[in-house]
Amino acid sequence: MKAVVKEKAAPGARLMDVDVPAPGPRDVLIKVKAAAICGTDIHIMEWPPFAQARIKPPMIFGHECSGEVVKVGDQVKNIAVGDLVAVETHIPDETCFMCQTGLQHICEKMAIIGVHVDGVFAEYAKIPAVCCWKLARDTNPDLGAILEPWGVAVNGILKGEVNNRTVAVFGCGPIGLMGLGSIHAWGASKIFAVEPSEMRLSMVPQFAPDAVLINPAKDNAAKVILDATGGRGVDVSIDISGNPRAIQAAFEVVRRAGRVTLVGLPSEPVTLELTANVIYKEARVFGSTGRMMWQTWYEMQNLMDSGKFDPMPVITHRMPLADFAKGIELAQSGKAGKILLYP
Ligand SMILES: [Zn+2]
Ligand SMILES: [Zn+2]
């Protein structure tokens, strides 16, 4: 089969012919229908220290996808050949303290598909059955491929309430945009969207039509938000950018006893003014990573079933798997929403 392989411990990757993987007793084999490019894939391609510390070449990368099940291991009971599934990237060990207390997504021995084990930028992929989210068979496979990144936003947003709350979102890449659509659908009273890329900012109204758009390259985001909330600040502040300046602003604009959720990953330690912005405010601070298994997926399903939000407009480009390098470069440029690859 054709697969995108990170061949060496150096920048780049190559489309190669490799063997179709053989599923183990608790795995399924899927025929990949659609795969999406994520920031992690950009890192794997470019090979910064983040990737060097995690990736052991040669390996197939890519982790966001949907696929049709073509083989199931002997011990797999809940998935059948012909099922359409979306892939959950966290592989929990199912035995540690976190797994036993309902928090598999932060398993102490977690492996990640497309990072620690072979991924999905390929014609076929071996997926543990515990990582399969079954979709109705008539679901658009493109939708299945973007549930994983959408869930990153949903998990962070739902660390508390957003209905009838004022919410500021820092970072409007694909995850931020889908997050904004969800926050709007869940009935936030006022939404602020902060993003330095004009292209991405221009996509926000499709997701949250009444959001106040702020370009921090032009305006002081914290000042705009504080002025618009009578100086009190917002109830909920969510950072999806990982940018240190945005994280600082997220703390500046949260109101007293408000909530900050951090989803974006800063590449270095961030300096925070804790006395004024957290302690005196009695702010509540949450980290959020990946998706809860499977609460987050049910939340997404509920929202889709309600008809109040459709994340599909986040997909701006579609291309064959062979064009993966072009797609990753486009994703890196920030001039795209979600980019899908088709094996
Ligand atoms: Zn991802
Ligand atoms: Zn575990």
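Residues numbered from 1 in each chain as written. Chains lettered and ligands numbered in written order. Predicted model: local features only at pLDDT ≥ 70, side-chain atom pairs only at ≥ 80, totals over all residues. Heavy atoms only, no water.

Right, let's get into the overall build of the chain. Scanning the chain from N- to C-terminus turns up 11 helices and 18 strands. Counting only C-alpha atoms and orienting by the principal axes, one finds that the chain spans roughly 60 × 40 × 35 Å. The buried share of the chain, reckoned over its 343 residues, is 52%. Partitioning the contacts of the chain with sequence separation of at least 6, the portion at a separation of at least 24 is 69%. Within the chain, one finds 34 positive and 36 negative side-chain charges whose respective centroids are separated by 2 Å. (Helix = DSSP H or I, 4+ residues; strand = E, 2+ residues; numbered from the N terminus. Buried < 20%, exposed > 50% of the residue type's maximum accessible area, 1.4 Å probe, protein only. Contact = heavy atoms within 4.5 Å. Lys, Arg positive; Asp, Glu negative; His and termini not counted. Charge placed at Lys NZ, Arg CZ, Asp CG, Glu CD.)

Leu147, Trp150 and Leu180 are the most contacted members of the largest nonpolar core, which has 46 residues in total. Broken down by element, this core gets its largest block of residues, 9 residues, from helix α4 (residues 141-157). In contact with leucine 147, other than residues within four places in its own chain, are Ala86, Trp133, Leu135, Arg291, Trp297, Met300 and Met304. Ranked by size, the runner-up nonpolar core spans 40 residues in total, among them Ile30, Ile37, Ile113 and Leu321. (Core = buried A, V, L, I, M, F, W, Y, C linked by side-chain atoms within 4.5 Å.)

Split into domains, the chain comes out as domain 1 (2-151 + 292-342) and domain 2 (160-287). For domain 1 versus domain 2, the separation of C-alpha centres amounts to 28 Å. Between domain 1 and domain 2, the residue contacts involve 17 residues of the former and 14 residues of the latter. Roughly 1300 Å² of surface becomes buried between domain 1 and domain 2 when both sides are summed, with 74% attributable to carbon and sulfur atoms. For the interface between domain 1 and domain 2, the tally reads 0 salt bridges. (Domains from an automatic or database assignment. Buried area = accessible area lost by both parts, 1.4 Å probe. Salt bridge = Lys/Arg side-chain N within 4 Å of Asp/Glu carboxyl O.)

Before going further, it helps to examine the side chain of glutamate 148. Tracing the backbone through its elements, the reader meets glutamate 148 in helix α4. Of the residues examined, glutamate 148 reaches a relative accessible area of 6% and is grouped as buried.

Time to look at the sheet that holds strand β15 (residues 254-262). Spatial ordering of the open sheet is given by β13-β12-β11-β14-β15-β16, a layout of 6 strands whose pairing is parallel. The two strands at the open ends of the sheet, each matched to only one other strand, are β13 (212-214) and β16 (284-287). On average, each strand axis in the sheet is inclined to that of its neighbour by 15°, with strand direction left out of account. Relative to β16, β15 runs parallel, the two sharing 4 bridges. Paired with valine 260 across the bridge in β16 is valine 285. (Pairing = 2+ DSSP bridges. Axes fitted to C-alpha atoms, helices over the stretch in contact; angles between N-to-C directions.)

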